[in-house]
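# Topology and contacts: notes
What follows is the residue order along each chain.
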Amino acid sequence: MAIRVVIVDDHPVVRDGQRGIFASDEAFEVVGEAADGPEALALTRQTGPGLVVTDLRMPGMGGAELIRRLREQAPDVRVLVLTTFDDDADVLPAIAQGATGYLLKDTPRAELLRAARAAARGEQVLSPTVAGRLTRAAREPERRRLSRRELEVLALIARGATNRDVAARLFVTEATVKTHLLHVYAKLGVNDRAAAVAAAYETGLLKPASEA
């Protein structure tokens, strides 16, 4: 039986290219395309794919959040990230939220198809640069893995600020604040704001007001 694939990317030309690649192999059947996260979630419910191939940076809902929602909505669906971004802020949250594979868009056609088959079987597939980042991240202390902006967001949250308050203070959107928080959760290995603040104090990322 062919592997049913949903392609998620906000660029139509990129989706067309991926559709052509998968259509060239009888092992795959492209059952739908989505331009953003909410559309991808709805399409997954409608078509029941075995594999979702998704970009990360899209309007409305980031890739890490999409992966998390997909894991909740359809835990048997495998997710293969196909993106141009390979920095820690993209790689770590995507893997932490349950991506089965992570490839870059310069991956050759044959390698992409092999990786998609492996991901559909539940095997983890990573581009060499991504694998290297994961290895380095595992060796680095937690303090070095939070960016300056992530620390700023976390410090404001620790003082009781809401996402709206943080967005106003840092002159960013609430969606951006949520993305920073998802990155923080993934890096600290927690699931919510309270746990993130507690972990930050325990590890010395944040200091009590009396010591600041």
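One can find the structure itself at the top, above this paragraph.
In this report, we go over the structure that sits alongside the text. For clarity, every value in this text was computed on a predicted model and none was experimentally measured.

## Topic: the overall build of the chain
Within the chain one finds eleven helices and six strands. When the backbone C-alpha atoms are referred to their principal axes, the chain occupies close to 65 × 35 × 25 Å. When each of the 212 residues of the chain is scored for burial, the buried share is 47%. Expressed as a percentage of contacts within the chain between residues at least 6 apart in sequence, the contacts between residues at least 24 apart total 63%. Working note: accessible area of the chain is about 10,600 Å², and carbon and sulfur atoms make up 51% of it. Taken together, the 29 basic and 29 acidic charged side chains of the chain have centroids lying 3 Å from each other.

## Description of the packing of helix H8 (residues 148-158) against helix H11 (residues 193-203)
Two numbers describe a pair of packed helices, the interaxial angle and the distance between the axes. Running from N to C, H8 and H11 point in directions that differ by 105 degrees, and their axes come no closer than 10 Å. In terms of axis orientation, H8 runs roughly perpendicular to H11. On H11, the residues that touch Leu-154, Ile-157 and Ala-158 of H8 are Arg-193, Ala-196, Val-197, Ala-200 and Tyr-201. A breakdown of the residues in the contact of H8 with H11 according to their chemical character gives seven nonpolar, no polar and one charged.

## Quick look at the nonpolar core
Ranked by internal contacts, the top residues of the largest apolar core, which has 25 residues, are Val-8, Leu-66, Ile-67, Val-81 and Tyr-102. Elements supplying a minimum of two residues to this core: strand S1 (3-8), strand S2 (28-34), helix H2 (37-47), helix H3 (63-73), strand S4 (78-83), helix H4 (88-96) and strand S5 (101-104). The contact partners of Val-8, leaving out residues within four places of it in the chain, are Ala-34, Asp-36, Ala-40, Val-52, Val-53, Thr-54, Asp-55, Met-58 and Leu-66. Ranked by size, the runner-up nonpolar core spans 23 residues in total, among them Ala-161, Val-184, Tyr-185 and Leu-205.

## What to know about the sheet that holds S5
Across the sheet, which stays open at both edges, the six strands sit in the order S2-S1-S3-S4-S5-S6 with parallel pairing between neighbours. At either end of the open sheet lies a strand with only one pairing partner, and these are S2 and strand S6 (125-126). Strands in contact with helix H1 (residues 12-23) are S1, S2, strand S3 (51-54) and S4; relative to S2, the strand with the most contacts, it is inclined by about 165 degrees. Lying on the sheet, H4 is in contact with S4, S5 and S6; it crosses S5 at an angle near 150 degrees.

## Looking at the environment of Leu-206
By the element assignment, Leu-206 lies in the segment after H11. Discounting chain neighbours no more than four positions away, the residues touching Leu-206 are Leu-154, Ala-155, Ala-158, Ala-200 and Tyr-201.

## Observations concerning the pattern of salt bridges
According to the stated counting rule, one finds 14 salt bridges in the structure shown. Taking the shortest distance from any N to any O, the salt bridge between Arg-69 and Glu-65 comes out at 3.9 Å. Here Arg-69 pairs with Glu-65, and both are found in helix H3, just four residues apart, close to one helical turn. Between Glu-150 and Lys-187 there is a salt bridge, and its shortest N-O distance comes to 2.9 Å. Taken together, the positions of Glu-150 in helix H8 and Lys-187 in helix H10 (residues 174-188) put the pair 37 residues apart, joining distant regions of the chain.

## Examining helix H5 (residues 109-120)
Between the first and last C-alpha of H5 there are 17 Å, a value that for twelve residues agrees with the 16 Å anticipated at 1.5 Å per step. Among all positions of H5, only Leu-112, Leu-113, Ala-115, Ala-116, Ala-118 and Ala-119 are buried. On the buried face of H5, the contacting elements are H1, S2, S3, S4, S5 and S6.

## Comments concerning the pairing of S2
Judged by how many residues are buried, S2 sits mostly within the fold: five of seven residues are covered. Where S1 lies against S2, six bridges are found, and the strand directions are parallel. Along S2, the bridge assignment pairs Val-5 with Val-30. In this view, the connection linking S1 to its parallel neighbour S2 by way of H1 has right-handed handedness.

The rules behind the values
- Residues numbered from 1 in each chain as written.
- Predicted model: local features only at pLDDT ≥ 70, side-chain atom pairs only at ≥ 80, totals over all residues.
- Heavy atoms only, no water.
- Helix = DSSP H or I, 4+ residues; strand = E, 2+ residues; numbered from the N terminus.
- Buried < 20%, exposed > 50% of the residue type's maximum accessible area, 1.4 Å probe, protein only.
- Contact = heavy atoms within 4.5 Å.
- Areas by Shrake-Rupley, 256 points an atom, 1.4 Å probe, with all protein chains shown as cover.
- Lys, Arg positive; Asp, Glu negative; His and termini not counted.
- Charge placed at Lys NZ, Arg CZ, Asp CG, Glu CD.
- Axes fitted to C-alpha atoms, helices over the stretch in contact; angles between N-to-C directions.
- Parallel < 35°, antiparallel > 145°, perpendicular 65-115°, else oblique.
- Nonpolar A, V, L, I, M, F, W, Y, C, P; charged D, E, K, R; others polar.
- Core = buried A, V, L, I, M, F, W, Y, C linked by side-chain atoms within 4.5 Å.
- Pairing = 2+ DSSP bridges.
- Salt bridge = Lys/Arg side-chain N within 4 Å of Asp/Glu carboxyl O.
- Expected span 1.5 Å × (residues − 1).
- Right-handed = clockwise from strand over helix to strand, strands pointing away.

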